[in-house]
Structures are given as C-alpha cells and as structure tokens.
Amino acid sequence: MAHESEITHLDSASAIVTVRGRLTTGSHLSVTQAQLTRLVDTGVTHLLIDLSSVEYLDSAALGMLIQINGELRTRSGELRLAGANARILSLLRLTGTEQMLNVYPDMESGRTGFAS
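Every value quoted in this text rests on a predicted model; they were computed, and no experiment measured them.

Asker: For this particular structure, what's the right way to read the pairing of strand 4 (residues 78-82)?
Answerer: Put simply, side chains in a regular strand alternate between the two faces of the sheet. The element strand 4 is extensively covered by neighbouring structure, given that five of its five residues are classed as buried. A two-sided burial pattern is seen for strand 4, the buried positions comprising Glu78, Arg80 and Ala82 on one face and Leu79 and Leu81 on the other. Note that strand 3 (residues 46-57) and strand 4 share five bridges and pair parallel. Considered in strand 4, the bridge of isoleucine 49 is made with leucine 81. Pairing geometry for strand 4 and strand 5 (residues 102-104), over three bridges, is parallel. Bridge pairing in strand 5 places arginine 80 opposite asparagine 102. Once the chain exits strand 4 it traverses helix 3 (residues 86-95) before rejoining the sheet at strand 5, and the crossover so formed is right-handed.

Asker: Looking at this model, I keep getting lost on helix 3. Mind explaining?
Answerer: Since the α-helix advances by 3.6 residues per turn, residues separated by three or four positions end up pointing in the same direction. Backbone nitrogen of arginine 87 and a side-chain oxygen of the N-cap are separated by 3.0 Å at the start of helix 3; the cap is asparagine 85. The first or second residue beyond helix 3 is glycine 96, which carries a positive phi of 80°.

Asker: Looking at this structure, I do not really get the pattern of salt bridges. What am I missing?
Answerer: For side chains bearing opposite charge, pairing can occur when the charged atoms are close. Across all of its chains, the model carries five salt bridges by this definition. Of the charged contacts, one joins arginine 20 and glutamate 4 as a salt bridge, the two residues approaching to 3.6 Å between their closest N and O atoms. Here the residue arginine 20 occupies a position in strand 2 (residues 14-23), and glutamate 4 occupies one in strand 1 (residues 4-11), the gap between them amounting to 16 residues. Given the relative accessible area of 41%, glutamate 4 is considered partly exposed. Residue arginine 20 is joined to glutamate 6 by a salt bridge in which the shortest nitrogen-to-oxygen separation is 3.7 Å. Here arginine 20, found in strand 2, pairs with glutamate 6, found in strand 1; they are 14 residues apart in sequence, far enough to count as distant.

The rules behind each value
- Residues numbered from 1 in each chain as written.
- Predicted model: local features only at pLDDT ≥ 70, side-chain atom pairs only at ≥ 80, totals over all residues.
- Heavy atoms only, no water.
- Buried < 20%, exposed > 50% of the residue type's maximum accessible area, 1.4 Å probe, protein only.
- Helix = DSSP H or I, 4+ residues; strand = E, 2+ residues; numbered from the N terminus.
- Pairing = 2+ DSSP bridges.
- Right-handed = clockwise from strand over helix to strand, strands pointing away.
- Polar contact = N/O pair within 3.5 Å; in protein donor to acceptor, adjacent residues only side chain to side chain.
- Salt bridge = Lys/Arg side-chain N within 4 Å of Asp/Glu carboxyl O.

Encoded structure:
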C-alpha cells in the first residue's frame with residue numbers, strides 16, 4: 001500500500017492527521033514530517049494522528065513522532081496517537097515510547113477532550 005496522509009483542521013490550533021500505509025525511512029516519511037512541521041509552524045498546537053490504517057512504522061518514524069511531540073510540548077500543546085495496530089503498539093512498548101507519547105486505542109477515545 002502506498003503511503004498517504006490527509007489533514008483535517010478542527011480549528012486554527014487543532015488538526016487530525018490520518019496516515020495510511022507504511023511510515024518508514026524515505027521520501028514518504030520526509031513528506032509526512034514536513035506536513036506535521038508545517039502544521040506546528042503555522043500555529044497548530046494539538047495534533048491527533050490516526051494510525052488505524054498504518055501497517056508499520058520504523059525507528060525513523062518513531063523518532064519523527066517524538067520530535068513533533070517535543071515541539072508541541074514546548075508550545076503547551078499535545079500530540080495524540082490513536083488506533084495503532086498490535087505491531088506498532090509492541091514497538092512503542094519495547095522502546096518505552098508508549099510512556100512518552102499519548103497513545104489511545106481508537107479515534108473515539110483519542111478525540112475525547114481533544115482540543116476543547
């Protein structure tokens with residue numbers, strides 16, 4: 001499956017980013033990172049990333065998520081991840097990243113209290 005992402009702005013400071021496919025090293029990851037960075041640079045402080053259609057992500061993608069999380073926190077914002085499959089959840093647990101990032105089992109719980 002080809003990698004793609006879709007951005008839905010909820011308001012000027014909040015957005016949902018839906019990612020599909022594999023989020024791995026290469027040009028597709030660079031495009032996603034550029035999109036997320038552009039959102040943060042234009043004032044978005046609350047990002048909810050829907051991972052329910054992501055098959056796999058690698059350490060480079062994980063690093064990118066940690067970086068975006070840090071940028072949002074310096075702006076009193078937040079990054080939420082929702083809908084990750086068992087393989088991605090396992091990677092988050094093994095690396096200890098699950099405790100650094102706000103991880104929700106599905107989009108419904110991820111949206112609860114988001115950007116209110």
